[in-house]
Amino acid sequence: MAGKVFFSVSMSLDGFIAPESVGDLMGRQWMELQRWVFPQRFFRENLKLGEGGEEGRDNDIVREAFERTGASVMGKRMFDAGERMWPEEAPFHTPVFVVTHERRDPWERPGGTAFHFVNDGVEAALGRAREAAGDRDVRIAGGGATILEYVSAGLVDEFSIALSPVLFGSGIRLFEGVDAGRVALEQVRAEPTQRVTHLTYTVRER
């Protein structure tokens, strides 16, 4: 049986998930937004950031999102940024399908990550990701425009937000321009930790 389609992101209190400019990734605001995840043991191990790290509910949530994922989908903007920043052993360890107009051969990395470039739209990319994931879930990794396209198309089953006590003021809003007439949400869980509040919702067609 096919798994779920989900996404999981960190979001500021005013609704932003990333700076407008790719050049500002890893800048002060973005680092503040992601401050909760960097100390987590599983995150540090997966990105080869060194030994040690915190264990607790935040760490469990990071690990659970990774373990449920059988394949990922992302947009070209996120891939372009990640190609420069990810370590040689990219942190996915599964097939990743990049929605793009670029024609490019698959790019295989050490550790089991293979990037496949899909030129015929979000539904085609999701179909390939579902096939690759088997009975595990497909994660829409980002960025914001790609997540929005999947939500508005009714192709997301569930999502989680790590709501961080940070204000951006500008940037990429998670739901900017969403087709709200098609999308209804049901809250599944709200779980505060020391640094963020984890919110989980199921998505259904309105």
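For the structure, check the block above.
Presented here is a report on the structure given in the accompanying data block. Fair warning: this is a prediction, and the values are worked out from it, not measured in the lab. (Residues numbered from 1 in each chain as written. Predicted model: local features only at pLDDT ≥ 70, side-chain atom pairs only at ≥ 80, totals over all residues. Heavy atoms only, no water.)

Compared with the 16 Å implied by 1.5 Å per residue over twelve residues, the 16 Å span of helix 3 (residues 57-68) between its first and last C-alpha is a close match. Every buried residue belonging to helix 3 is among D58, N59, I61, V62 and A65, and all of these are buried. Relative to the axis of helix 3, the buried residues are bounded by an arc of 165° and lie together on one face. (Helix = DSSP H or I, 4+ residues; strand = E, 2+ residues; numbered from the N terminus. Expected span 1.5 Å × (residues − 1). Buried < 20%, exposed > 50% of the residue type's maximum accessible area, 1.4 Å probe, protein only. Arc of directions from axis to C-beta.)

By size, the foremost hydrophobic cluster in this structure holds 31 residues, and its most contacted members are F7, V73, V138, I140, Y150 and L174. Top element by residues in this core is helix 5 (residues 122-133). It accounts for five residues. (Core = buried A, V, L, I, M, F, W, Y, C linked by side-chain atoms within 4.5 Å.)

By the definition in use, this model includes 15 aromatic pairs. Between F7 and F159, the aromatic rings sit 4.8 Å apart at their centres with planes inclined by 0°, giving stacked as the arrangement. A residue pair is termed long-range when its members are at least 10 positions apart, and F7 in strand 1 (residues 5-12) and F159 in strand 8 (residues 158-164) qualify at 152 residues. Judged by relative accessible area, which is 0%, F7 ranks as buried. Here F42 and F66 contribute two aromatic rings whose centre-to-centre distance is 5.2 Å and whose plane-to-plane angle is 55°, an arrangement assigned as tilted. (Phe/Tyr/Trp six-rings, centres within 6.5 Å; stacked < 30°, edge-to-face > 60°.)

This brings us to unusual backbone geometry. Across the junction of G142 and G143, the peptide omega takes the value -5°, indicating a cis bond. Relative to the helices and strands, G143 resides in the loop between strand 7 (137-142) and helix 6 (144-152). One non-glycine residue with positive phi stands out, namely K48, at about 55°. One can find K48 in the loop between helix 2 (41-46) and helix 3.

Let us look at the pairing of strand 6 (residues 114-118). Across the five residues of strand 6, five count as buried, placing the element largely inside the fold. Neither face of strand 6 is exposed, since A114, H116 and V118 on one face and F115 and F117 on the opposite face are all buried. The antiparallel pairing of strand 5 (residues 107-108) with strand 6 creates a hairpin that spans five residues between the two strands, and G111 there sits at a positive phi of about 90°. (Pairing = 2+ DSSP bridges.)

Turning our attention to the environment of F38. For F38, the location among the structural elements is in the loop between helix 1 (28-33) and helix 2. Here the alpha-carbon distance between F38 and L49, two residues eleven residues apart in the chain, equals 9.0 Å. Contact partners of F38, with chain neighbours within four places excluded, come to W30, M31, F43, R44 and L49. (Contact = heavy atoms within 4.5 Å.)

Let us look at the sheet that holds strand 3 (residues 69-75). Pairing is mixed in the open sheet, where nine strands are placed in the order 5-6-4-3-7-1-8-11-10. Only two strands of the sheet have a single partner each, and these edge strands are strand 5 and strand 10 (183-192). With two bridges connecting them, strand 5 and strand 6 associate as antiparallel partners. Note on strand 6: the bridge partner recorded for E108 is A114. Along the sheet face, helix 4 (residues 76-85) touches strand 3, strand 4 (95-99), strand 5, strand 6 and strand 7 and points at about 100° away from the line of strand 3. Of the strands in this sheet, strand 1, strand 3, strand 4, strand 6 and strand 7 are in contact with helix 5, which crosses strand 3 at around 160°. (Axes fitted to C-alpha atoms, helices over the stretch in contact; angles between N-to-C directions.)

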